[in-house]
Amino acid sequence: MEPFVFELADERRPRWDGPGPRPVRTHVWRAGEANVAARAVLVSHGTGGSAWQMTWLAEPLAEAGFLVAAVDHHGNNFADGYLPQGFAFWWERALDLSFVLDVLSKDHDVGAAGAAGFSLGGYTVAALAGARVDPDLYRQLLDGRLEVPPPPEFPDLAEQLQAHLRGDEHVAAGASYRDPRITAAFTVCPALAGMLDAASLGAIDLPFAVRWAGADEIAPDAQRYAELIPDADARCVGDRVGHYDFLHSTEGAEPVRGAVAAEALGFFRRNLP
C-alpha cells in the first residue's frame, strides 16, 4: 500500500534553513473512502529517521481501516538532511502532529484520534498526551552541565547548536503540548525518559502503551515511562531485541516488528471509539 504524500507547511512556524514556513511533509495511508468517518492515528519517527521508516506500523493500521498520517519532522529526517534545531527542539515535533490533525480534520471526518511513535517519536506522542520536559534539566543540557551523549546522526550537535540558541529555549521545552484530541497513545522504545518531569508522566490519564527492547542501547531507560504512567499497557518485547530493529529498513527483525504492529492495532481498536 503506497501512501499519498502531501507537502504541507505550517504558516505559524518558520523553517530553520531559510525563509518561509515550516515544512511538514505528511504521508497518508487510507484504505477506505475519504469521506467515510475514520479513526485516525498520527505516527512519529525516531531521531534522524523518516515517515517511511514507520511503514511497518502504518500499513497494518491502514489496512485495518485506520486513517494513518506520518510526518517527516523538519531538520530531523534523512530525506531532507539534518539541522541542529531538529535534534534539540523536541517539542516542535508534537506541534507537527497537532498541525497535521488540523489538516486531516478539514478533509476527513475524523471520529477519534490516537498517536504512535518510535524512539524520539515516542516522546513526541507522550508530549501530546501531557508529558513535559523538565526545564531545569533542559537548561543544564544546553549549557553543558548535563552530559548526554550526542545522537549518532549528529555527533557535533552541541557545537553547532550554540549558534542558534536564544537563551529561553527551556521555557518552550517545559511547556505543555497536550492535545486533547489525542485519546490513546502507543510508544515503542520511547526516548528522553530521563529528561521528563515525573509529575507530568504521572498525570497522564489516557490509554497509554509502552513497548521497550531488552537490548536497547539508544533508549535504555524507556521503561521509566511504564513505571510512571498510571495503568500503562507495558512490556519488554524481547531481551535480545535492539533499538534499530524497529526501523523498516532493518532486515531480519520483521517478526518482532510484526508482533508489535499487531499489538498496536489491537490497542487502537480497543481504545479509539
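Scope of this entry: the structure provided in the associated data block. Source: prediction; values computed, not measured.

Helix and strand counts for the protein stand at 10 helices and 10 strands. Rg of the C-alpha trace for the protein: 17 Å, near the compact-globule value of 19 Å for 273 residues, within the 12% margin. Here the protein holds 273 residues, and the buried ones make up 54% of them. For the protein, contacts bridging at least 24 residues in sequence account for 77% of all contacts bridging at least 6. Surface summary for the protein: the accessible area is close to 11,600 Å², and the carbon and sulfur share equals 52%.

A separate point is the pattern of salt bridges. Opposite charge on two side chains permits them to pair, given that their charged atoms come into close proximity. Overall, the coordinates contain 21 salt bridges when judged by the stated rule. Of the charged contacts in the structure, one is a salt bridge between D179 and R181, with a shortest N-O distance of 2.8 Å. The exposure class assigned to D179 is buried, which follows from its relative accessible area of 6%. With a relative accessible area of 33%, R181 lands in the partly exposed category. Each of D10, R12, R13, R22, E92, D96, D102, D179 and R181 takes part in salt bridges that share partners, so that together they form one network.

Another point: the packing of aromatic side chains. Taken as a whole and judged by the stated rule, the model has 13 aromatic pairs. Ring geometry for W16 and F89: centres 5.9 Å apart, planes at 80°, overall edge-to-face. Of this pair, W16 sits in the loop between β1 (4-14) and β2 (21-29) while F89 sits in the loop between α2 (84-88) and α3 (91-107); the two residues are 73 residues apart in sequence, bridging distant segments of the chain. Seen from their ring centres, F87 and F154 are 5.1 Å apart, and the 70° between their planes marks the pair as edge-to-face. With F87 in helix α2 and F154 in the loop between α5 (135-143) and α6 (157-161), the pair connects residues that are 67 residues apart, well separated along the chain. For F87, a relative accessible area of 5% corresponds to the buried category. With a relative accessible area of 6%, F154 lands in the buried category.

What counts as what
- Position numbers for residues start from 1 in each chain and track the written sequence from start to end.
- Given that the model is predicted, a residue must reach a pLDDT of at least 70 before its local features are reported, and side-chain atom pairs must reach 80 or more before they are shown or counted; all residues, however, enter totals for whole chains, interfaces and linings.
- Side-chain metrics rest on all non-hydrogen atoms present in the structure, leaving aside hydrogens and water.
- Only DSSP runs of H or I with at least four residues qualify as helices, and only runs of E with at least two residues qualify as strands; both kinds are numbered from the N terminus onward.
- What the globule rule says is 2.2 Å times the number of residues to the power 0.38, and the radius of gyration is computed from C-alpha atoms.
- The rule is simple: take the accessible area with a 1.4 Å probe, protein chains only, and divide by the maximum for that residue type; under 20% is buried, over 50% is exposed, in between is partly exposed.
- Contact criterion: two residues are considered in contact whenever any of their non-hydrogen atoms come within 4.5 Å of each other.
- Only the protein chains shown count as cover for residues, and all accessible areas are computed by the Shrake-Rupley method using a 1.4 Å probe.
- We count a salt bridge whenever a side-chain nitrogen from Lys or Arg sits within 4 Å of a carboxyl oxygen from Asp or Glu.
- Stacked, edge-to-face and tilted are the three classes for Phe, Tyr and Trp ring pairs, Trp counted by its six-membered ring, which pair at centre distances within 6.5 Å; planes under 30 degrees apart are stacked, over 60 edge-to-face, the rest tilted.

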